[in-house]
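# A structural walkthrough
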Amino acid sequence: MVPEAYREYKQYGSTNIPTMKSFIDLDEADIWNSKRKLYQTDIISEMDGKLINEVVDKFSDFSATDLVTLTHNQAPWKEAYVPHMNNEITVEAIKRYFNE
């Protein structure tokens with residue numbers, strides 16, 4: 001599990017995640033300093049944007065259940081999973097899996 005992604009998107013359950021137009025930049029030290037920021041598409045390189053769109057296109061017809069089944073059969077999830085624990089799937093494990 002990637003905690004930040006889980007916390008951000010769990011609210012949608014099995015429904016579609018809407019297009020992001022803005023987000024809250026949370027100041028955990030002083031919540032009153034938190035600010036809403038507009039999402040900027042130029043922070044993602046053109047090459048990364050194309051890759052993201054290809055992945056979304058490839059998996060957009062899968063149901064939430066299908067995606068859970070798919071990911072739970074992949075090494076990063078299997079390696080991190082311990083019953084009743086909220087273990088994080090590390091970025092390193094994801095990179096290792098997709099580079100193999």
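Residues numbered from 1 in each chain as written. Predicted model: local features only at pLDDT ≥ 70, side-chain atom pairs only at ≥ 80, totals over all residues. Heavy atoms only, no water.

Attention shifts here to the overall build of the chain. Summing up its helical and strand segments, the chain has 5 helices and 2 strands in all. Tracing the chain from N to C terminus, the helices and strands come up as α-β-β-α-α-α-α. Taking the principal axes of its C-alpha atoms as reference, the chain extends roughly 40 × 35 × 30 Å. Across the 100 residues of the chain, 7% fall into the buried class. Expressed as a percentage of contacts within the chain between residues at least 6 apart in sequence, the contacts between residues at least 24 apart total 16%. (Helix = DSSP H or I, 4+ residues; strand = E, 2+ residues; numbered from the N terminus. Buried < 20%, exposed > 50% of the residue type's maximum accessible area, 1.4 Å probe, protein only. Contact = heavy atoms within 4.5 Å.)

What follows concerns the pattern of salt bridges. Scanning the model with the defined rule gives 3 salt bridges in all. Notably, a salt bridge pairs Lys50 with Glu46, separated by 4.0 Å at the nearest N-O pair. Separated by 4 residues within a single helix, Lys50 and Glu46 lie in helix H2 (residues 46-59), roughly one turn from each other. What makes Lys50 exposed here is its relative accessible area of 51%. Linking Arg96 and Glu79 is a salt bridge whose minimum nitrogen-to-oxygen distance equals 3.5 Å. Placement of the pair is Arg96 in helix H5 (residues 91-99) and Glu79 in helix H4 (residues 75-80), with a sequence separation of 17 residues. Judged by relative accessible area, Glu79 falls into the exposed class, the value being 54%. (Salt bridge = Lys/Arg side-chain N within 4 Å of Asp/Glu carboxyl O.)

Let us now look at the environment of Val91. Its location among the elements puts Val91 in helix H5. A C-alpha to C-alpha distance of 24 Å links Val91 and Thr19, two positions 72 residues apart in sequence.

Here the structure, examined in full by the defined rule, presents 3 aromatic pairs. Residues Tyr97 and Phe98 carry aromatic rings whose centres are separated by 4.8 Å and whose planes lie at 85 degrees to one another, so their mutual orientation is edge-to-face. What makes Tyr97 partly exposed here is its relative accessible area of 27%. (Phe/Tyr/Trp six-rings, centres within 6.5 Å; stacked < 30°, edge-to-face > 60°.)

Another point: the environment of Ile94. Note on placement: Ile94 falls in helix H5. Along the primary structure Ile94 and Ala75 are separated by 19 residues, whereas in three dimensions their C-alpha atoms are 8.5 Å apart.

This brings us to the confidence of the model for the chain. Atomic detail in the predicted coordinates should be set aside for any region of low pLDDT. Here the chain shows a mean pLDDT of 90. Residues at 70 or above account for 99%. Here helix H1 (residues 3-9) stands out as the least confident element of the chain, with mean pLDDT 82; H4 is the most confident, with 95. (pLDDT = per-residue confidence, 0-100.)

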